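# Close look at the chain arrangement
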Amino acid sequence: GENELWLALVLMEAAATGELTPPQLAAVLATTLDERLRPNTFVSTVPSEAVYLTVETLSDRASSLQAAQLSAGLSFPVGLEVGACGLVEAWAGGSDWGSLVASTSLDLGDIYRLLRRSVDLLKQVSNVPYVSDEAKACARAAVRAMDRYPIADDVLMAVPEEVEVVPVIAA
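Summarised in this report is the structure supplied together with it. This one's a predicted model, so the numbers in the text were calculated from it and none came from an experiment.

When helices and strands are counted, the protein shows seven helices and zero strands. Helices and strands in the protein line up, N terminus first, as α-α-α-α-α-α-α. In the protein, once contacts between residues fewer than 6 apart in sequence are set aside, the share between residues at least 24 apart is 75%.

Here is the structure:
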């Protein structure tokens with residue numbers, strides 16, 4: 001994220017408790033990525049209650065930090081966007097690509113970017129020195145669960161084109 005202080009607060013509140021599963025941690029961290037959904041975007045995959053409760057707790061922290069930053073003349077973003085975090089939780093929980101794509105009106109590229117950025121953030125979290133060992137292990141488990149095709153291969157899943165088979169004539 002763009003605001004390291006905000007990310008540190010999120011990690012202290014959410015990850016340090018050890019109460020979130022790897023998919024839930026991935027979803028909570030995804031809320032900080034400032035991936036705002038376009039109006040009229042449909043996402044049927046909703047986050048778990050644990051994610052909602054954690055985000056609710058973080059909402060007060062976000063407001064306090066935003067106010068403190070503004071009073072100090074700082075304008076770093078304090079993002080907490082829950083709109084698409086259910087997709088991240090589902091992917092980290094083992095959902096297949098087709099089911100994920102079918103559960104939203106987001107373009108493939110938007111889904112890919114959200115998941116790729118979530119994996120990148122989780123990789124960073126797993127290497128931060130001040131994060132608890134439990135949180136690091138949880139972040140690493142989420143990376144292992146999420147870093148699979150097409151995300152791990154850095155390709156978008158596309159519908160394969162029909163390939164014309166041309167017979168080979170033996171000489």
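For the rest of this paragraph, the subject is the pattern of salt bridges. Within the structure shown, the criterion is met by six salt bridges. In this structure, R113 engages D110 in a salt bridge whose closest nitrogen and oxygen atoms are separated by 3.3 Å. Here D110 and R113 lie together in helix α6 (residues 108-125), a separation of three residues that amounts to about one turn. Of the charged contacts in the structure, one is a salt bridge between D147 and R116, with a shortest N-O distance of 3.6 Å. Pair noted here: D147 is in the segment after α7 (133-146) and R116 is in helix α6, with a separation of 31 residues, a long-range link. Overall, the relative accessible area of 14% leaves R116 in the buried class. Through salt bridges with shared partners, one network takes in R38, D107, D110 and R113.

Next up on the list: helix α4 (residues 85-92). Note that an α-helix has 3.6 residues per turn; residues three or four places apart therefore point the same way. Where burial is concerned, most of α4 is hidden: eight out of the eight residues are buried. The set of residues buried in α4 consists of C85, G86, L87, V88, E89, A90, W91 and A92. Residues of α4 that are buried make contact with α2 (22-30), α3 (49-71), α5 (97-102), α6 and α7. Downstream of α4 by a residue or two, G94 has a phi angle that is positive, lying close to 105°.

For the rest of this paragraph, the subject is the packing of aromatic side chains. Here the structure, examined in full by the defined rule, presents one aromatic pair. Aromatic side chains W91 and W97 sit 5.7 Å apart centroid to centroid with 80° between the ring planes, which places their arrangement in the edge-to-face category. For the pair W91 and W97, one class covers both residues: buried. The cationic tip of R148 hangs over the ring face of W91; the distance from NZ or CZ to the ring centre is 3.6 Å.

In this section: the nonpolar core. W6, L29, L115, L122 and M146 are the most contacted members of the largest nonpolar core, which has 48 residues in total. Breaking this core down by element, the ones donating at least two residues are α1 (4-15), α2, α3, α4, α5, α6 and α7. When neighbours within four sequence positions are excluded, L122 is seen to be in contact with L25, A26, L29, A139, A142, V143 and M146.

Let us look at the environment of V55. For V55, the location among the structural elements is in helix α3. Residue class for V55 comes out buried when judged on its relative accessible area of 11%. C-alpha of V55 to C-alpha of T31: the two residues are 24 residues apart in sequence and 8.1 Å apart in space. With residues near it in sequence (within four places) discarded, V55 still touches T31 and L80.

The next subject is α3. For α3, spanning 23 residues, the distance from its first C-alpha to its last is 33 Å, which sits close to the expected 33 Å at 1.5 Å a residue. The complete set of buried residues in α3 reads V51, T54, V55, L58, A62, L65 and Q69. Phi turns positive, to about 80°, at G73, one or two residues after α3.

Basis of the calculations
- Residues numbered from 1 in each chain as written.
- Predicted model: local features only at pLDDT ≥ 70, side-chain atom pairs only at ≥ 80, totals over all residues.
- Heavy atoms only, no water.
- Helix = DSSP H or I, 4+ residues; strand = E, 2+ residues; numbered from the N terminus.
- Contact = heavy atoms within 4.5 Å.
- Salt bridge = Lys/Arg side-chain N within 4 Å of Asp/Glu carboxyl O.
- Buried < 20%, exposed > 50% of the residue type's maximum accessible area, 1.4 Å probe, protein only.
- Phe/Tyr/Trp six-rings, centres within 6.5 Å; stacked < 30°, edge-to-face > 60°.
- Lys NZ or Arg CZ within 6 Å of the ring centre and 35° of its normal.
- Core = buried A, V, L, I, M, F, W, Y, C linked by side-chain atoms within 4.5 Å.
- Expected span 1.5 Å × (residues − 1).

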